[in-house]
Amino acid sequence: MNPSTAQARVIVDELVRNGVRHVVLCPGSRNAPLSFALHQAERKGLLTLHVRIDERSAGFLALGLAKTGTPAVITCTSGTAVVNLHPAVVEAELTGVPLVALTADRPVDLYRTGASQTIDQYDVLGIPTLHLPEAADEPTTRSLVCRALATRGPTHVNVPFRPPLTPSDDAWPSSPRSGPWTATDRASTVETRPSDLPPRTLVLLGDDHPERLRRASELGWPVIAEPTAPNGLRHGSLLLNAGLPEHLRPDAVLVVGRVTLSRGQQSVLAGAPVVHAVGDQAQWPDVQFTATRASTWLPEPAEHDDEWRQAWLSAVKNVSAAVDDLLDAQPWPTGLHVARDLTRAVPPGSLLFVGSSNPIRDVDFAGERRPDVTVHANRGAAGIDGAVSTAIGLAVEHGGPAYALMGDLTFLHDSNGLLADHRPDLTIVVLNDDGGGIFSLLEQGAPEHDRSFERIFGTPHGADLAALCAGYRIPHSIVDEEEEFRSALAPPKGLRVVEVQAKRDGLRALHKSLKATVSTVFRG
(Lines give C-alpha, C1' and ligand atoms only; values in the text may rest on other atoms or scores of the structure.)
Protein backbone atom coordinates (compact mmCIF):
# COMPACT_ATOMS: atom_id res chain seq x y z
CA MET A 1 0.00 0.00 0.00
CA ASN A 2 1.43 3.40 -0.93
CA PRO A 3 2.06 5.91 1.92
CA SER A 4 -0.58 8.46 0.80
CA THR A 5 -3.35 5.85 0.66
CA ALA A 6 -2.31 4.37 4.00
CA GLN A 7 -2.33 7.74 5.77
CA ALA A 8 -5.63 8.82 4.21
CA ARG A 9 -7.35 5.63 5.38
CA VAL A 10 -6.01 6.06 8.92
CA ILE A 11 -7.25 9.68 8.98
CA VAL A 12 -10.75 8.68 7.89
CA ASP A 13 -10.88 5.73 10.28
CA GLU A 14 -9.88 7.97 13.20
CA LEU A 15 -12.49 10.57 12.24
CA VAL A 16 -15.15 7.86 12.37
CA ARG A 17 -13.86 6.56 15.72
CA ASN A 18 -14.23 10.12 17.08
CA GLY A 19 -17.90 10.29 16.14
CA VAL A 20 -17.74 12.11 12.79
CA ARG A 21 -20.73 11.00 10.70
CA HIS A 22 -20.85 13.62 7.92
CA VAL A 23 -18.03 14.59 5.55
CA VAL A 24 -18.38 17.06 2.68
CA LEU A 25 -16.02 16.33 -0.21
CA CYS A 26 -14.98 18.61 -3.05
CA PRO A 27 -13.30 16.60 -5.82
CA GLY A 28 -9.72 17.30 -6.78
CA SER A 29 -6.44 15.65 -7.66
CA ARG A 30 -4.26 16.16 -4.60
CA ASN A 31 -7.02 15.05 -2.20
CA ALA A 32 -7.61 11.84 -4.21
CA PRO A 33 -6.29 9.61 -1.38
CA LEU A 34 -8.87 11.10 0.99
CA SER A 35 -11.61 10.85 -1.64
CA PHE A 36 -11.00 7.14 -2.18
CA ALA A 37 -10.83 6.50 1.57
CA LEU A 38 -14.06 8.43 2.22
CA HIS A 39 -15.89 6.56 -0.53
CA GLN A 40 -14.68 3.29 0.94
CA ALA A 41 -15.91 4.35 4.41
CA GLU A 42 -19.29 5.34 2.97
CA ARG A 43 -19.65 1.93 1.31
CA LYS A 44 -18.90 0.32 4.68
CA GLY A 45 -21.71 2.39 6.24
CA LEU A 46 -19.30 4.27 8.51
CA LEU A 47 -20.28 7.81 7.46
CA THR A 48 -22.40 9.87 5.07
CA LEU A 49 -20.50 11.50 2.23
CA HIS A 50 -21.74 14.71 0.60
CA VAL A 51 -20.09 15.67 -2.70
CA ARG A 52 -20.03 19.30 -3.84
CA ILE A 53 -18.26 21.09 -6.68
CA ASP A 54 -18.13 24.55 -5.04
CA GLU A 55 -15.80 24.78 -2.03
CA ARG A 56 -17.42 27.90 -0.62
CA SER A 57 -20.91 26.32 -0.59
CA ALA A 58 -19.39 23.05 0.63
CA GLY A 59 -17.85 24.81 3.63
CA PHE A 60 -21.21 26.21 4.67
CA LEU A 61 -22.89 22.84 4.18
CA ALA A 62 -20.39 21.38 6.65
CA LEU A 63 -21.05 24.35 8.95
CA GLY A 64 -24.78 23.56 8.95
CA LEU A 65 -24.07 19.88 9.62
CA ALA A 66 -21.85 20.84 12.58
CA LYS A 67 -24.09 23.53 14.11
CA THR A 68 -25.77 21.09 16.49
CA GLY A 69 -22.41 20.36 18.13
CA THR A 70 -21.18 17.18 16.43
CA PRO A 71 -18.03 17.82 14.35
CA ALA A 72 -18.43 17.73 10.57
CA VAL A 73 -15.61 17.71 8.04
CA ILE A 74 -15.09 19.60 4.78
CA THR A 75 -12.22 18.32 2.65
CA CYS A 76 -10.77 19.69 -0.57
CA THR A 77 -7.70 19.79 -2.76
CA SER A 78 -4.82 22.25 -2.52
CA GLY A 79 -4.49 25.86 -3.71
CA THR A 80 -7.37 28.32 -4.03
CA ALA A 81 -9.83 25.55 -3.16
CA VAL A 82 -8.61 25.91 0.43
CA VAL A 83 -9.05 29.69 0.49
CA ASN A 84 -12.70 29.30 -0.54
CA LEU A 85 -13.35 27.65 2.85
CA HIS A 86 -12.42 30.84 4.69
CA PRO A 87 -15.92 32.40 4.98
CA ALA A 88 -17.38 29.27 6.59
CA VAL A 89 -14.38 28.97 8.92
CA VAL A 90 -14.81 32.62 9.98
CA GLU A 91 -18.45 31.97 10.85
CA ALA A 92 -17.52 28.81 12.75
CA GLU A 93 -14.77 30.61 14.66
CA LEU A 94 -17.11 33.38 15.83
CA THR A 95 -19.84 30.95 16.90
CA GLY A 96 -17.82 28.02 18.25
CA VAL A 97 -19.01 25.49 15.66
CA PRO A 98 -16.84 22.32 15.44
CA LEU A 99 -16.09 22.52 11.71
CA VAL A 100 -13.02 20.58 10.56
CA ALA A 101 -11.30 21.84 7.39
CA LEU A 102 -9.28 18.85 6.16
CA THR A 103 -7.18 20.13 3.27
CA ALA A 104 -4.81 18.28 0.98
CA ASP A 105 -1.47 19.92 0.20
CA ARG A 106 1.56 19.53 -2.03
CA PRO A 107 4.71 18.38 -0.24
CA VAL A 108 6.49 21.38 1.26
CA ASP A 109 9.50 20.96 -1.02
CA LEU A 110 7.24 22.15 -3.88
CA TYR A 111 6.47 25.47 -2.17
CA ARG A 112 7.81 28.46 -4.12
CA THR A 113 8.83 26.32 -7.09
CA GLY A 114 5.99 27.30 -9.41
CA ALA A 115 4.25 23.94 -8.96
CA SER A 116 0.59 23.94 -10.04
CA GLN A 117 -2.12 24.52 -7.40
CA THR A 118 0.52 25.16 -4.76
CA ILE A 119 0.23 27.95 -2.20
CA ASP A 120 1.40 28.35 1.39
CA GLN A 121 -1.52 26.80 3.27
CA TYR A 122 -0.21 27.39 6.80
CA ASP A 123 -2.73 29.52 8.76
CA VAL A 124 -4.36 30.57 5.46
CA LEU A 125 -7.82 30.15 7.01
CA GLY A 126 -7.14 32.60 9.83
CA ILE A 127 -6.84 29.90 12.49
CA PRO A 128 -3.77 27.85 13.51
CA THR A 129 -3.02 25.00 11.13
CA LEU A 130 -2.45 21.51 12.49
CA HIS A 131 -0.05 20.16 9.88
CA LEU A 132 0.13 16.39 9.67
CA PRO A 133 3.61 15.25 8.68
CA GLU A 134 3.81 13.67 5.25
CA ALA A 135 3.21 9.90 5.47
CA ALA A 136 3.31 10.07 9.28
CA ASP A 137 3.13 6.81 11.21
CA GLU A 138 -0.24 5.61 12.49
CA PRO A 139 0.07 6.70 16.17
CA THR A 140 1.12 10.23 15.14
CA THR A 141 -1.68 10.56 12.62
CA ARG A 142 -4.38 9.23 14.93
CA SER A 143 -3.23 11.32 17.90
CA LEU A 144 -3.17 14.55 15.88
CA VAL A 145 -6.64 13.87 14.42
CA CYS A 146 -7.95 13.45 17.98
CA ARG A 147 -6.28 16.71 18.99
CA ALA A 148 -7.96 18.50 16.10
CA LEU A 149 -11.39 17.19 17.03
CA ALA A 150 -10.92 18.19 20.69
CA THR A 151 -10.53 21.84 19.67
CA ARG A 152 -13.48 24.08 20.49
CA GLY A 153 -14.73 25.70 17.33
CA PRO A 154 -13.18 25.14 13.90
CA THR A 155 -9.85 23.55 13.17
CA HIS A 156 -7.67 23.32 10.07
CA VAL A 157 -5.90 20.01 9.41
CA ASN A 158 -3.47 20.17 6.47
CA VAL A 159 -2.07 16.99 4.95
CA PRO A 160 0.62 16.85 2.22
CA PHE A 161 0.29 13.91 -0.15
CA ARG A 162 2.93 12.63 -2.55
CA PRO A 163 2.15 10.44 -5.60
CA PRO A 164 0.98 7.81 -6.12
CA LEU A 165 -2.44 9.21 -5.11
CA THR A 166 -4.62 6.23 -6.07
CA PRO A 167 -5.04 2.96 -4.14
CA SER A 168 -3.89 -0.46 -5.25
CA ASP A 169 -5.90 -2.46 -2.69
CA ASP A 170 -8.93 -2.10 -0.40
CA ALA A 171 -7.40 -2.97 2.99
CA TRP A 172 -8.98 -0.99 5.84
CA PRO A 173 -6.91 -0.08 8.92
CA SER A 174 -7.64 -1.65 12.30
CA SER A 175 -6.54 0.39 15.30
CA PRO A 176 -4.89 -1.50 18.17
CA ARG A 177 -7.20 0.49 20.49
CA SER A 178 -11.00 0.39 20.56
CA GLY A 179 -12.69 3.73 20.01
CA PRO A 180 -10.69 6.94 19.51
CA TRP A 181 -6.90 6.85 19.86
CA THR A 182 -7.22 9.55 22.54
CA ALA A 183 -10.65 9.89 24.16
CA THR A 184 -11.63 13.51 24.83
CA ASP A 185 -14.62 15.18 26.47
CA ARG A 186 -16.17 17.98 24.40
CA ALA A 187 -18.91 18.73 26.92
CA SER A 188 -18.92 22.22 28.44
CA THR A 189 -20.37 23.15 31.81
CA VAL A 190 -22.33 26.28 32.67
CA GLU A 191 -21.54 27.65 36.11
CA THR A 192 -23.77 29.99 38.10
CA ARG A 193 -22.73 32.06 41.11
CA PRO A 194 -24.57 34.37 43.53
CA SER A 195 -24.53 37.99 42.43
CA ASP A 196 -25.56 41.43 43.60
CA LEU A 197 -27.45 42.37 40.44
CA PRO A 198 -30.58 44.37 41.37
CA PRO A 199 -34.13 42.99 41.17
CA ARG A 200 -34.86 45.12 38.09
CA THR A 201 -32.37 43.43 35.79
CA LEU A 202 -33.11 42.95 32.11
CA VAL A 203 -31.55 40.00 30.24
CA LEU A 204 -30.40 40.36 26.62
CA LEU A 205 -29.64 37.09 24.83
CA GLY A 206 -27.77 36.89 21.54
CA ASP A 207 -25.89 34.18 19.69
CA ASP A 208 -24.06 31.89 22.13
CA HIS A 209 -23.78 28.31 23.41
CA PRO A 210 -27.31 26.83 23.60
CA GLU A 211 -26.96 25.55 27.16
CA ARG A 212 -25.71 28.89 28.50
CA LEU A 213 -28.54 30.69 26.72
CA ARG A 214 -31.10 28.28 28.13
CA ARG A 215 -29.82 28.69 31.68
CA ALA A 216 -29.69 32.48 31.32
CA SER A 217 -33.28 32.57 30.07
CA GLU A 218 -34.45 30.79 33.23
CA LEU A 219 -32.98 33.17 35.81
CA GLY A 220 -36.38 34.83 36.38
CA TRP A 221 -35.65 38.31 35.00
CA PRO A 222 -37.43 39.62 31.87
CA VAL A 223 -35.70 38.28 28.75
CA ILE A 224 -35.28 39.93 25.36
CA ALA A 225 -33.79 37.30 23.10
CA GLU A 226 -32.73 37.37 19.49
CA PRO A 227 -34.54 34.71 17.43
CA THR A 228 -31.78 32.10 17.84
CA ALA A 229 -32.00 32.28 21.65
CA PRO A 230 -34.81 30.77 23.77
CA ASN A 231 -37.67 32.16 25.83
CA GLY A 232 -37.57 35.77 24.70
CA LEU A 233 -40.53 38.15 24.93
CA ARG A 234 -42.26 38.65 21.57
CA HIS A 235 -41.50 42.06 20.01
CA GLY A 236 -38.84 42.65 22.66
CA SER A 237 -36.52 44.44 20.24
CA LEU A 238 -39.39 46.65 19.08
CA LEU A 239 -39.91 47.78 22.65
CA LEU A 240 -36.25 48.74 22.92
CA ASN A 241 -36.23 50.50 19.53
CA ALA A 242 -39.25 52.61 20.44
CA GLY A 243 -37.54 53.83 23.61
CA LEU A 244 -38.49 52.36 26.97
CA PRO A 245 -40.82 54.33 29.23
CA GLU A 246 -39.47 55.11 32.67
CA HIS A 247 -41.40 52.35 34.46
CA LEU A 248 -39.77 49.64 32.28
CA ARG A 249 -36.18 50.88 32.44
CA PRO A 250 -33.78 48.40 34.06
CA ASP A 251 -31.31 49.14 36.84
CA ALA A 252 -28.93 46.60 35.28
CA VAL A 253 -28.61 44.62 32.06
CA LEU A 254 -27.23 41.10 31.81
CA VAL A 255 -25.83 40.38 28.33
CA VAL A 256 -25.24 36.77 27.27
CA GLY A 257 -23.95 36.16 23.76
CA ARG A 258 -23.52 38.47 20.79
CA VAL A 259 -26.43 40.94 20.58
CA THR A 260 -26.16 42.58 17.18
CA LEU A 261 -29.62 42.86 15.61
CA SER A 262 -31.12 45.98 17.12
CA ARG A 263 -29.97 49.52 17.74
CA GLY A 264 -32.44 49.53 20.59
CA GLN A 265 -30.28 46.93 22.33
CA GLN A 266 -27.31 49.27 22.18
CA SER A 267 -29.43 52.16 23.44
CA VAL A 268 -30.58 50.33 26.55
CA LEU A 269 -27.02 49.21 27.22
CA ALA A 270 -25.75 52.76 26.95
CA GLY A 271 -28.30 53.93 29.51
CA ALA A 272 -27.94 51.15 32.08
CA PRO A 273 -26.00 51.92 35.28
CA VAL A 274 -24.71 48.33 35.43
CA VAL A 275 -23.96 46.02 32.49
CA HIS A 276 -22.83 42.48 33.27
CA ALA A 277 -21.49 40.68 30.16
CA VAL A 278 -21.07 36.91 30.04
CA GLY A 279 -18.71 35.30 27.55
CA ASP A 280 -15.69 33.06 27.08
CA GLN A 281 -12.52 34.33 28.76
CA ALA A 282 -11.66 37.68 27.12
CA GLN A 283 -14.43 37.31 24.52
CA TRP A 284 -17.28 38.88 26.49
CA PRO A 285 -19.89 40.72 24.37
CA ASP A 286 -19.44 44.48 24.65
CA VAL A 287 -19.74 46.27 21.30
CA GLN A 288 -20.17 49.75 22.82
CA PHE A 289 -17.66 49.25 25.65
CA THR A 290 -20.40 49.71 28.26
CA ALA A 291 -19.72 46.58 30.35
CA THR A 292 -19.07 47.38 34.00
CA ARG A 293 -18.27 43.74 34.79
CA ALA A 294 -17.65 40.51 32.85
CA SER A 295 -17.55 36.83 33.73
CA THR A 296 -17.55 33.36 32.26
CA TRP A 297 -20.29 32.34 34.74
CA LEU A 298 -23.95 33.31 35.03
CA PRO A 299 -25.06 35.50 37.95
CA GLU A 300 -27.85 34.14 40.12
CA PRO A 301 -30.49 36.69 41.18
CA ALA A 302 -30.69 37.50 44.87
CA GLU A 303 -34.29 38.65 44.43
CA HIS A 304 -36.84 39.62 41.76
CA ASP A 305 -39.23 42.53 41.32
CA ASP A 306 -42.41 40.66 40.39
CA GLU A 307 -44.39 43.85 39.84
CA TRP A 308 -41.78 45.11 37.36
CA ARG A 309 -41.70 41.78 35.55
CA GLN A 310 -45.49 41.83 35.28
CA ALA A 311 -45.31 45.34 33.80
CA TRP A 312 -43.00 43.97 31.10
CA LEU A 313 -45.38 41.11 30.32
CA SER A 314 -48.31 43.53 30.12
CA ALA A 315 -46.40 45.85 27.79
CA VAL A 316 -45.49 42.97 25.49
CA LYS A 317 -49.12 41.82 25.35
CA ASN A 318 -50.34 45.30 24.42
CA VAL A 319 -47.61 45.84 21.84
CA SER A 320 -48.25 42.40 20.31
CA ALA A 321 -51.92 43.20 19.75
CA ALA A 322 -51.10 46.61 18.26
CA VAL A 323 -48.45 45.20 15.89
CA ASP A 324 -50.81 42.48 14.66
CA ASP A 325 -53.51 45.09 14.04
CA LEU A 326 -51.05 47.24 12.08
CA LEU A 327 -49.90 44.34 9.92
CA ASP A 328 -53.46 43.12 9.33
CA ALA A 329 -54.29 46.55 7.95
CA GLN A 330 -51.37 46.47 5.49
CA PRO A 331 -51.47 44.81 2.06
CA TRP A 332 -49.90 41.33 2.06
CA PRO A 333 -47.01 40.60 1.67
CA THR A 334 -44.17 42.41 3.37
CA GLY A 335 -41.20 40.80 5.07
CA LEU A 336 -42.91 41.34 8.43
CA HIS A 337 -46.03 39.50 7.23
CA VAL A 338 -44.01 36.58 5.90
CA ALA A 339 -41.95 36.29 9.09
CA ARG A 340 -45.06 36.34 11.27
CA ASP A 341 -47.02 33.87 9.14
CA LEU A 342 -44.08 31.50 8.71
CA THR A 343 -43.26 31.31 12.42
CA ARG A 344 -46.93 30.69 13.20
CA ALA A 345 -47.53 28.06 10.53
CA VAL A 346 -44.57 25.67 10.73
CA PRO A 347 -45.42 22.40 12.48
CA PRO A 348 -44.19 21.57 16.00
CA GLY A 349 -40.70 20.14 16.06
CA SER A 350 -39.61 22.12 13.02
CA LEU A 351 -36.21 23.64 12.39
CA LEU A 352 -36.02 27.17 10.97
CA PHE A 353 -32.90 28.74 9.49
CA VAL A 354 -33.13 32.51 8.97
CA GLY A 355 -30.91 34.46 6.59
CA SER A 356 -29.14 37.70 7.44
CA SER A 357 -30.18 41.27 6.60
CA ASN A 358 -33.95 41.87 6.79
CA PRO A 359 -35.32 38.32 7.32
CA ILE A 360 -33.69 37.82 10.73
CA ARG A 361 -34.87 41.29 11.79
CA ASP A 362 -38.38 40.62 10.48
CA VAL A 363 -38.52 37.46 12.60
CA ASP A 364 -37.17 39.43 15.55
CA PHE A 365 -39.76 42.18 15.17
CA ALA A 366 -42.87 40.23 14.14
CA GLY A 367 -42.29 36.50 14.51
CA GLU A 368 -43.89 34.22 17.08
CA ARG A 369 -41.61 32.89 19.81
CA ARG A 370 -42.20 29.15 19.92
CA PRO A 371 -40.38 26.74 22.24
CA ASP A 372 -41.28 23.87 19.88
CA VAL A 373 -39.33 25.37 16.94
CA THR A 374 -35.50 25.47 16.80
CA VAL A 375 -34.16 28.62 15.14
CA HIS A 376 -30.69 28.94 13.63
CA ALA A 377 -28.89 31.74 11.80
CA ASN A 378 -25.33 32.61 10.81
CA ARG A 379 -24.91 35.48 13.27
CA GLY A 380 -21.13 35.20 13.83
CA ALA A 381 -20.04 37.38 10.94
CA ALA A 382 -23.69 38.00 9.94
CA GLY A 383 -22.92 37.60 6.24
CA ILE A 384 -25.38 36.58 3.54
CA ASP A 385 -23.02 33.99 2.05
CA GLY A 386 -23.63 30.26 2.35
CA ALA A 387 -27.22 30.48 3.59
CA VAL A 388 -28.70 27.84 1.25
CA SER A 389 -25.93 25.36 2.07
CA THR A 390 -26.08 26.02 5.83
CA ALA A 391 -29.83 25.45 5.80
CA ILE A 392 -29.44 22.18 3.89
CA GLY A 393 -26.78 20.97 6.34
CA LEU A 394 -28.99 21.78 9.32
CA ALA A 395 -31.97 20.06 7.69
CA VAL A 396 -29.96 16.89 7.01
CA GLU A 397 -28.98 16.68 10.68
CA HIS A 398 -32.46 17.65 11.94
CA GLY A 399 -34.20 14.79 10.20
CA GLY A 400 -37.68 16.37 10.55
CA PRO A 401 -39.55 19.20 8.84
CA ALA A 402 -37.18 22.08 8.14
CA TYR A 403 -37.65 25.58 6.77
CA ALA A 404 -35.43 28.47 5.75
CA LEU A 405 -36.32 32.13 5.28
CA MET A 406 -34.02 34.36 3.25
CA GLY A 407 -34.01 37.30 0.89
CA ASP A 408 -33.45 37.16 -2.85
CA LEU A 409 -29.84 38.40 -2.73
CA THR A 410 -28.96 35.86 -0.03
CA PHE A 411 -30.57 33.10 -2.10
CA LEU A 412 -28.76 34.11 -5.29
CA HIS A 413 -25.46 34.44 -3.44
CA ASP A 414 -25.47 30.71 -2.65
CA SER A 415 -27.51 29.30 -5.53
CA ASN A 416 -24.80 26.65 -6.02
CA GLY A 417 -25.97 25.22 -2.72
CA LEU A 418 -28.98 23.83 -4.60
CA LEU A 419 -26.67 21.41 -6.41
CA ALA A 420 -27.10 18.87 -3.62
CA ASP A 421 -26.67 15.10 -3.70
CA HIS A 422 -28.66 14.80 -0.45
CA ARG A 423 -31.96 16.70 -0.55
CA PRO A 424 -33.56 16.81 2.90
CA ASP A 425 -37.15 17.79 3.71
CA LEU A 426 -36.50 21.53 3.50
CA THR A 427 -38.70 24.38 2.28
CA ILE A 428 -36.71 27.51 1.39
CA VAL A 429 -38.91 30.60 1.53
CA VAL A 430 -37.43 33.41 -0.56
CA LEU A 431 -38.80 36.92 -0.01
CA ASN A 432 -37.98 38.47 -3.38
CA ASP A 433 -38.11 42.25 -3.36
CA ASP A 434 -35.63 42.47 -6.25
CA GLY A 435 -32.64 43.90 -4.43
CA GLY A 436 -31.18 45.03 -1.14
CA GLY A 437 -34.19 45.82 1.03
CA ILE A 438 -32.11 46.20 4.20
CA PHE A 439 -30.59 49.43 2.88
CA SER A 440 -34.04 51.02 2.65
CA LEU A 441 -34.09 51.08 6.45
CA LEU A 442 -30.60 52.51 6.95
CA GLU A 443 -29.25 56.04 6.56
CA GLN A 444 -28.55 55.56 2.85
CA GLY A 445 -32.26 54.85 2.32
CA ALA A 446 -33.29 58.37 3.37
CA PRO A 447 -35.07 60.49 0.72
CA GLU A 448 -32.07 62.78 0.18
CA HIS A 449 -30.16 59.84 -1.31
CA ASP A 450 -32.86 58.82 -3.79
CA ARG A 451 -30.79 59.66 -6.88
CA SER A 452 -28.04 57.17 -6.02
CA PHE A 453 -29.93 54.58 -4.00
CA GLU A 454 -31.10 52.10 -6.64
CA ARG A 455 -27.79 52.07 -8.50
CA ILE A 456 -25.44 51.38 -5.58
CA PHE A 457 -27.66 50.01 -2.78
CA GLY A 458 -30.99 48.79 -4.14
CA THR A 459 -29.23 46.87 -6.94
CA PRO A 460 -32.29 45.34 -8.65
CA HIS A 461 -31.32 42.16 -10.49
CA GLY A 462 -34.48 41.00 -12.27
CA ALA A 463 -33.43 37.36 -11.87
CA ASP A 464 -35.94 34.64 -12.75
CA LEU A 465 -35.83 32.40 -9.68
CA ALA A 466 -38.21 29.88 -11.23
CA ALA A 467 -35.85 29.38 -14.17
CA LEU A 468 -32.87 29.13 -11.83
CA CYS A 469 -34.58 26.43 -9.74
CA ALA A 470 -35.60 24.59 -12.91
CA GLY A 471 -31.95 24.49 -13.91
CA TYR A 472 -31.13 22.73 -10.64
CA ARG A 473 -34.26 20.56 -10.90
CA ILE A 474 -35.63 21.97 -7.65
CA PRO A 475 -39.43 22.35 -7.30
CA HIS A 476 -40.40 26.02 -7.20
CA SER A 477 -43.65 27.90 -6.65
CA ILE A 478 -44.71 31.55 -6.39
CA VAL A 479 -47.40 32.42 -3.84
CA ASP A 480 -49.42 35.63 -4.02
CA GLU A 481 -51.87 35.33 -1.13
CA GLU A 482 -51.66 34.71 2.60
CA GLU A 483 -53.74 31.52 2.62
CA GLU A 484 -51.80 30.17 -0.34
CA PHE A 485 -48.57 30.83 1.55
CA ARG A 486 -49.76 28.94 4.62
CA SER A 487 -50.78 26.00 2.45
CA ALA A 488 -47.33 25.99 0.86
CA LEU A 489 -45.82 25.44 4.32
CA ALA A 490 -47.26 21.96 4.76
CA PRO A 491 -44.55 19.57 6.02
CA PRO A 492 -42.07 19.40 3.14
CA LYS A 493 -41.10 16.37 1.12
CA GLY A 494 -37.66 16.89 -0.29
CA LEU A 495 -36.03 20.20 -1.17
CA ARG A 496 -38.27 22.95 -2.59
CA VAL A 497 -38.38 26.73 -2.98
CA VAL A 498 -41.39 28.93 -2.22
CA GLU A 499 -41.03 32.45 -3.61
CA VAL A 500 -42.95 35.44 -2.24
CA GLN A 501 -42.63 38.57 -4.35
CA ALA A 502 -42.79 41.90 -2.52
CA LYS A 503 -41.96 45.57 -3.06
CA ARG A 504 -39.32 47.67 -1.35
CA ASP A 505 -40.77 51.12 -1.91
CA GLY A 506 -42.99 51.16 1.20
CA LEU A 507 -40.58 49.43 3.54
CA ARG A 508 -39.16 52.52 5.24
CA ALA A 509 -42.62 54.00 5.87
CA LEU A 510 -43.91 50.69 7.28
CA HIS A 511 -41.08 50.44 9.80
CA LYS A 512 -41.62 54.07 10.79
CA SER A 513 -45.30 53.25 11.44
CA LEU A 514 -44.26 50.19 13.42
CA LYS A 515 -42.07 52.23 15.74
CA ALA A 516 -44.76 54.91 16.10
CA THR A 517 -47.34 52.25 16.99
CA VAL A 518 -45.19 50.88 19.80
CA SER A 519 -44.51 54.39 21.11
CA THR A 520 -48.24 55.11 21.14
CA VAL A 521 -48.91 51.96 23.17
CA PHE A 522 -46.29 53.09 25.68
CA ARG A 523 -47.91 56.52 26.04
CA GLY A 524 -51.16 54.71 26.79
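Everything below is about the structure shown above.
Residues numbered from 1 in each chain as written. Predicted model: local features only at pLDDT ≥ 70, side-chain atom pairs only at ≥ 80, totals over all residues. Heavy atoms only, no water.

A. Geometry of the pattern of salt bridges. Tallied over the entire structure, the rule returns 31 salt bridges. Here Arg 162 ties to Glu 134 by a salt bridge, and the two come within 2.6 Å at their closest N and O atoms. Of this pair, Arg 162 sits in the loop between β6 (155–160) and β7 (192–194) while Glu 134 sits in the loop between β5 (129–131) and α6 (138–149), and the two are 28 residues apart along the sequence. Residue classification places Arg 162 among the partly exposed residues on the basis of a relative accessible area of 35%. A relative accessible area of 33% means that Glu 134 is categorised as partly exposed. The partner of Arg 263 in a salt bridge is Glu 443, with the nearest N and O atoms 2.9 Å apart. In this pair, Arg 263 sits in helix α9 (residues 263–271) while Glu 443 sits in the loop between β17 (426–432) and α15 (450–458), placing the two residues 180 residues apart along the sequence. Assessed through its relative accessible area of 58%, Arg 263 is described here as exposed. Overall, the relative accessible area of 46% leaves Glu 443 in the partly exposed class. Linked through salt bridges whose partners overlap, the residues forming this network are Arg 234, Asp 324, Asp 328, Arg 340, Asp 341, Arg 344, Glu 368, Glu 482, Glu 483 and Arg 486. (Salt bridge = Lys/Arg side-chain N within 4 Å of Asp/Glu carboxyl O. Helix = DSSP H or I, 4+ residues; strand = E, 2+ residues; numbered from the N terminus. Buried < 20%, exposed > 50% of the residue type's maximum accessible area, 1.4 Å probe, protein only.)

B. Molecular detail of the sheet that holds β5. Taking strand neighbours across the sheet as the criterion, the 6 strands line up as β2-β1-β3-β4-β6-β5 in an open arrangement whose pairing is parallel. For this open sheet the edge positions go to β2 (48–51) and β5, each flanked by a neighbour on one side alone. Each strand of the sheet is rotated relative to its neighbour by a mean of 25 degrees, with strand direction disregarded. Note that strand β3 (residues 72–76) and strand β4 (residues 99–105) share 5 bridges and pair parallel. Following the sheet pairing, Ala 72 is matched in β4 by Leu 99. In this fold helix α3 (residues 55–66) packs onto β1 (22–25), β2, β3 and β4, with an angle of close to 165 degrees to the strand it touches most, β3. (Pairing = 2+ DSSP bridges. Axes fitted to C-alpha atoms, helices over the stretch in contact; angles between N-to-C directions. Contact = heavy atoms within 4.5 Å.)

C. Here's a closer look at the packing of α3 against helix α13 (residues 387–398). It is at 7 Å that the axes of α3 and α13 come closest, and there the two elements cross at 35 degrees. Seen along the crossing, α3 lies across α13 with a hand that is right-handed. Of the residues in α13, those in contact with Ser 57, Phe 60, Leu 61, Leu 63, Gly 64 and Leu 65 of α3 are Ser 389, Thr 390, Ile 392, Gly 393, Leu 394, Val 396 and Glu 397. Across the contact of α3 with α13, the residue classes tally to 7 nonpolar, 5 polar and 1 charged. (Left-handed = near helix turned anticlockwise from the far one by under 90°. Nonpolar A, V, L, I, M, F, W, Y, C, P; charged D, E, K, R; others polar.)

D. Seen up close, the pairing of β17. Burial within β17 is extensive, with 7 of its 7 residues counted as buried. Going residue by residue along β17, you find Leu 426, Ile 428, Val 430 and Asn 432 tucked away on one face and Thr 427, Val 429 and Leu 431 tucked away on the opposite face as well. Chirality of the crossover, the property in question, places the unit of strand β16 (residues 402–407), helix α14 (residues 408–413) and β17 among those that are right-handed. In the sheet, β17 pairs with strand β19 (residues 495–501) via 7 bridges, with the strands oriented parallel. Each residue of the ladder has a partner; that of Thr 427, found in β19, is Arg 496. (Right-handed = clockwise from strand over helix to strand, strands pointing away.)

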